[in-house]
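This is what each chain is made of:
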Amino acid sequence: QVQLVESGGGLVQAGGSLRLSCAASGRTFSSYAVGWFRQGPGKEREFVAAVDWAAGSTNYADSVKGRFTISRDNAKNTVFLQMNSLKPEDTAVYYCAAKYSTTVMVIPAWYDDWGQGTQVTVSS
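K.L.:
An account of the overall build of the protein is needed here, citing residue identities and associated values.
P.N.:
Secondary structure assignment for the protein yields zero helices and eleven strands. Helices and strands appear in the protein in the N-to-C order β-β-β-β-β-β-β-β-β-β-β. Dimensions of the protein, computed from the C-alpha atoms along their principal axes, are close to 40 × 25 × 25 Å. Residues counted as buried form 45% of the 124 residues belonging to the protein.

As structure tokens, then:
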């Protein structure tokens, strides 16, 4: 099990950028796949991006491809989500999640450990 803490959320105008961080503590984080998910008001939690344990494989939702970039620094036990060209529809609480695995999945239920979330609000 790992403990996850997200940070970096905030209020930004459309077209702006934010960088979210997911800091992990506990077990060896480098052995975990990590995903970012988001949940907007009145919506279900949806997949945003994921990265495998070695950062050799990434996966993105179609809605964020070309705008968001997931990366990780295992030496710092941190995964990042760089979000550019933000749109009002990106407004949501963003969560990071982890699973002890060498592969990645886009299904929330697959992940075992979750952070508390960080709010991202994009104004038009």
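Having seen the model, we can carry on.
K.L.:
So what's going on with the side chain of Arg67? Which residues, and what values?
P.N.:
Along the polypeptide, Arg67 turns up in the loop between strand E6 (58-60) and strand E7 (68-73). There is a polar contact of 2.7 Å between the side chain of Arg67 and the side chain of Asp90. Look past the residues within four positions of Arg67 in its chain and what remains in contact with it is Gln82, Met83, Asn84, Ser85, Leu86, Lys87 and Asp90.

How each quantity is defined
Residues numbered from 1 in each chain as written. Predicted model: local features only at pLDDT ≥ 70, side-chain atom pairs only at ≥ 80, totals over all residues. Heavy atoms only, no water. Helix = DSSP H or I, 4+ residues; strand = E, 2+ residues; numbered from the N terminus. Buried < 20%, exposed > 50% of the residue type's maximum accessible area, 1.4 Å probe, protein only. Polar contact = N/O pair within 3.5 Å; in protein donor to acceptor, adjacent residues only side chain to side chain. Contact = heavy atoms within 4.5 Å.

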